[in-house]
Every structure is written in C-alpha cells, then in structure tokens.
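Listed below are the residues making up each chain.
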Amino acid sequence: MTRLHVTRRDGEQIEIEAKNDQSLMQALRAGGVHEILAMCGGCCSCATCHVYVDDGSTKPLPPRSKDETDLLDSSDWFTDASRLSCQIRVSEALDGLRVVVAPED
Amino acid sequence: MNSSNEIGELAQRALVHFNAGTTDQAPEQMRVPVTAYNDEQRYACEISNVFRGLPLALALSIQLPDAGSYLALTVMETPVLIVRGKDGIVRAFLNVCRHRGAALCKDGTGKAPRFVCPYHAWSYDREGKLVGMYGKATFGDVDADELSLTALHCEERAGIVWVCLTPGKTFDLGSWLGDFVGPLETLNLEDWHIHDQRDIPGPGWKVVLDGYLEVYHHDSVHGQTVGQYTIGNLLVHDTYGPHQRLVFGRKSLPAMNELPEAEWDTADYIRIIHSVFPNISISGVVGDHCLFSQVFPGPKPETTITKQFVLSAKKPETPQELEQTETFSRMTLQAVKDEDYAIGATIQAGLKTKANKDFIFGRNEPALQHYHRMVERYGKWPQPDVKGATGSGEAA
C-alpha cells in the first residue's frame, strides 16, 4: 500500500492508502475523489484527471509523453506540476506523494 | 411589449368583443387543400425550408443554467449537442464524432468539461474543439482545427436558445424576431422553473399546430379542462412578421364591466399565447404557470413529437403550491393529449378519405390563416394554393 496526501478541489485534505499497480487516477477515484472524472476511462485522451504533483522532483515519476503534454496544453490550468493521473502507476516508490486536484476546465 | 399597460389594453380589447359577442376576424375565409397536410413531396420541401432552414427555438436557457451545462437532444432525427461555455456563450453542434460518427453523449442534460466519444475516446472541449485522441501517436497526424465538432448557428435571446439545424446556414435573429422580441423578452423565460417535461406523440405537424392557433374549439373540446376558464370563440389577435400573439378572455373577464377601473386585475382576465413560427407555443403566460410546447415533425407527414415544458414562476415549495402546479400540469396534459391530439388523430385519419379536398378556415380563425400563409411563404412549395383553391385537393 502507498500513502497519498491529496488536496481535493474544494480544498479538503485527505490521505489515501492506495493499492499498488493501478493508475493514480484509479487510486484517487477508489479513494472517493470523484471530482476526478476520467471521462475517457484512463486512455489519455480527455484531461479530466488533471492533477498537480507538487514534489515530482523527489519521486520517480515517469516523464510526460507528448500525448499527455498536448492534452494538458488544452487545459486552462496547465503548470509545470501538471500531470494526467491516468498516466502514473502507483508504487511504493511514490509513498507520501502529494497530489492536488487541478481546477475544472 | 406585454407591459401592464399593454395587458390592460389587451383585456379591454377582449372585453369589447365579449360585450358585443364578437371576435377578431380575418377579412375573408381561406381554403387550404388537404394535400398541404399529407403530400409527402410537399412535406419534404417544407421540412427542408421551414424546419431545417429557419432558426428554431430549440431549448430554454434555463435548461443550461451554468458554464459547462449541456443538453443533448435528437430533433427530427438530427442529434444536437448544446453547451454553455465557460464564457457563458451557448454553442450548438451536431452530436456526431468527427472520427467515425458516433454520438458523443446520450440525449439528456448534465455538466461536463469535455465530451468524449464512447467509441475511440476522441474528446472535445465545450467549444467543440478536438483536444484528445486515444493513441494519438499511433493514429497519425490530423489537423485538429479541421476536426472540430460540426457547429450549428446558435444564438441565445429572450431566455431561448435558437438554432438552425442545417450546418453552415446562418440567420439574423434580430430581423427574424423583429418586433416580437419585445413581447418575448417581457416573459422573462430565463427566470422560470421547469416543473415537468414530457414528450407527447401526436398527429401530423399542421394538424397539431392548427389546434394551438384558435379558440373556436375550446367550448366543444375543452369543456372539462382549460375551457372551464376561457371564453370560447373570442380571440384578440396580433401578428409580428411570421409570429403571432393570441389573447383569450378568461371567464373572469366580465368583472371589468362590474368593477371600477382602479380595481381591475387585468392580468387575471386574459390568457396570452405567444406563437413563435414555425413550431412553438408559449401558453398562459400571465400568472404563475406556463406551457412551453415545441412541435417537431416526425419522419412522415402523419406524426409529431411535442416536447412540452410545464413552467412555474418559481419552484413550488409548499404542499399547496405543489398541488397548484401539479393541477395545472395534469389539466394541460389532458387538454393537449386526450383532447386536442385525440381529435387530431381523427383529423389525420380523415385526410386520407378524400372526404375533403380543402379545409375552410373561418374568418374567426385568423391565426390559422396567418400560419398557413407563412408556411407557404417560407416553405416555398412551388404550387401556390392557399387562396381560393378549389380544385387542387386531389392527391396526385
């Protein structure tokens, strides 16, 4: 299990104990973060699972693909910390990751 | 404008008729051939020119209350997606993915930041722009700008969303509505509450619309429902280009004869119907309840679907308010479905019998006459036949 510190869109801070080997998007939704819509089901085509991962530099996150960057570019809320949570696998290496749900487009 | 002054004037016009036993009249009777109702070629021509060529009042603004609100609906076999953007602007598109044509979402309302095709997860933003494709790197390059959702000309005015169903065809809403925009805006449709929505199957388009355009039938057809409250065969009639305003007297109208003018409650004495060409009736907007009816032709001349909204001035909250709204809703449904459309079904059946070559519209049915003249003008059926036609009724 991997601990995630999550700031929801309304500002509420929660902790989620996430199972490994699923996407961060799935872990967030399983943890009740339903403002993560993930309308495309997790295939990197809609950008409705947009989060900020504020300490990405200290965690071994995979780099953004071009598709992911292009999609994030369509968001009004794109920053350097932006990720699509469907593109990140949960593993123990991410234990303690801080995740902030991005504002809705 | 339906200002209180004007409501007073309308009530006085109605009272003059009531006292004299008269009604607003057309100069002459008019004949319309029965083929205008059931000729399939004519039907196709008029659907194309009228229903697909003109702006239609496709939605109420209150169906799209917030940024991101959407309404997906199928109108005359055309799937339409209407979305309010973050900028507050309402846009309309064909609800058809630009990849392989699946509908992006099911008919209904909701809120969404993106519209994602269920087939291959191509996704579009609220402005219709293609923003994502599943497996984009494998698909190969596409020009996203060229693959935006197909837009339909759309404008919002007077609490109504106006859309032309033909892609690429535009309209000038100001000139289309003309002076009618004033009366429409005073209805404040953006402030009403949707209490109920219902789809009512009915007979053909013109048979149905005819029933919304005269009060001559109220005593005979609606004696147990809305006819209890309205005076039959008394019409105050005004036209605004193709659009019309019909005013009926309520049974309370004669109170104006008894009471001093200072005590008149003129809004209570009349019922106002705004008829937006070609298919909208906004009925009973005086007081707390209103029926907003959209009549959409079916694939053949003999069927329609009426999308009907029961609106209340505010959301009913107390049991008493709820009961009043429910009573209005039930009574109007009975009047429309069990009375008007039931008679209409017999008219539709009778069309085929050739018992009538023509229908005669009386001088007391001026709104019917005006409607059919406008259908002829905008429908552009190449054989003019409305006036004095006697021999053109035989089916070819």
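Before any of the text, the structure's been laid out above.
Residues numbered from 1 in each chain as written. Chains lettered and ligands numbered in written order. Predicted model: local features only at pLDDT ≥ 70, side-chain atom pairs only at ≥ 80, totals over all residues.

Visitor: What exactly am I supposed to notice about the overall build of chain B here?
Guide: A tally of regular secondary structure across chain B gives 11 helices and 20 strands. Taken over C-alpha atoms, the radius of gyration comes to 23 Å for chain B, in line with the 21 Å a tight globule of 396 residues would show. C-alpha extents for chain B along the principal axes are approximately 80 × 60 × 35 Å. Within chain B, residue pairs in contact and separated by at least 24 positions form 63% of the contacts whose partners lie at least 6 positions apart. (Helix = DSSP H or I, 4+ residues; strand = E, 2+ residues; numbered from the N terminus. Rg over C-alpha atoms; globule rule 2.2 N^0.38 Å. Contact = placed C-beta atoms within 7 Å.)

Visitor: Is there a simple way to think about the sheet that holds strand β1 (residues 2–7) of chain A in this case?
Guide: Backbone-to-backbone hydrogen bonds pair the strands of a sheet. The strands run either parallel or antiparallel. Residues and elements named next belong to chain A. Pairing is mixed in the open sheet, where five strands are placed in the order β2-β1-β5-β3-β4. Unpaired on one side and paired on the other, β2 (13–18) and β4 (82–84) mark the two borders of the sheet. The mean inter-strand angle of the sheet, taken between neighbouring strand axes irrespective of direction, is 35°. (Pairing = 2+ DSSP bridges. Axes fitted to C-alpha atoms, helices over the stretch in contact; angles between N-to-C directions.)

Visitor: Where do I start with the pairing of strand β15 (residues 243–250) of chain B in this structure?
Guide: When a strand is regular, its side chains alternate between the sheet's two faces. Residue and element names in this part refer to chain B. For β15, the buried fraction is high: eight of the eight residues fall into the buried class. Side chains of β15 alternate between two faces, with His243, Arg245, Val247 and Gly249 and Gln244, Leu246, Phe248 and Arg250 buried alike. Linkage of strand β14 (residues 230–240) to β15, two consecutive antiparallel strands, is achieved through a turn of two residues, within which Gly241 is found at a positive phi near 60°. Bridge analysis of β15 against strand β16 (residues 270–276) gives six bridges, and the strand direction is antiparallel. Bridging from a neighbouring strand, Arg245 pairs with His274 of β16. (Buried ≥ 20, exposed ≤ 12 C-beta atoms within 10 Å, placed from the backbone.)

Visitor: Mind showing me how you'd approach helix α2 (residues 66–73) of chain A here?
Guide: In an α-helix, one full turn covers 3.6 residues, which means residues spaced three or four apart are oriented alike. Residue and element names in this part refer to chain A. Of all the positions in α2, only Asp67, Glu68 and Leu71 are classed as buried. Viewed along the axis of α2, the buried residues span an arc of 100°, placing them on a single side of the element. In α2, those exposed residues whose orientation departs by more than 90 degrees from the buried face are Lys66 and Asp73. (Arc of directions from axis to C-beta.)

Visitor: I'm lost on the nonpolar core in this one. Help?
Guide: A general trend in soluble globular proteins is that nonpolar side chains are found buried together. Residue and element names in this part refer to chain B. Ile82 and Val163 are the most contacted members of the largest nonpolar core, which totals 130 residues. Two domains share this core, each providing at least three of its residues, namely domain 1 (4–53 + 180–379) and domain 2 (56–170). Not counting residues up to four positions away in its chain, the partners in contact with Ile82 are Leu58, Ala59, Leu64, Tyr70, Leu71, Val90, Ala92 and Val161. (Core = buried A, V, L, I, M, F, W, Y, C linked by C-beta atoms within 7 Å. Domains from an automatic or database assignment.)

Visitor: I would appreciate a short explanation of the interface of chain A and chain B in the present structure.
Guide: With 14 residues of chain A in contact, the opposing surface of chain B contributes 13 residues. Along the lines of polarity and charge, the residues of the side of chain A that touches chain B split into six nonpolar, four polar and four charged. (Nonpolar A, V, L, I, M, F, W, Y, C, P; charged D, E, K, R; others polar.)

Visitor: Just checking my understanding: could you explain helix α3 (residues 40–51) of chain B for this structure?
Guide: Residues and elements named next belong to chain B. Of all the residues in α3, the buried ones are Arg42, Tyr43, Glu46, Val50 and Phe51. Around the axis of α3, the buried residues are gathered within 105° of arc, so they sit on the same side. The exposed set on the far side of α3, more than 90 degrees from its buried face, consists of Glu40, Gln41 and Ala44. Taken together, the buried residues of α3 touch α2 (35–38), β2 (56–60), β18 (289–297) and α11 (366–379).

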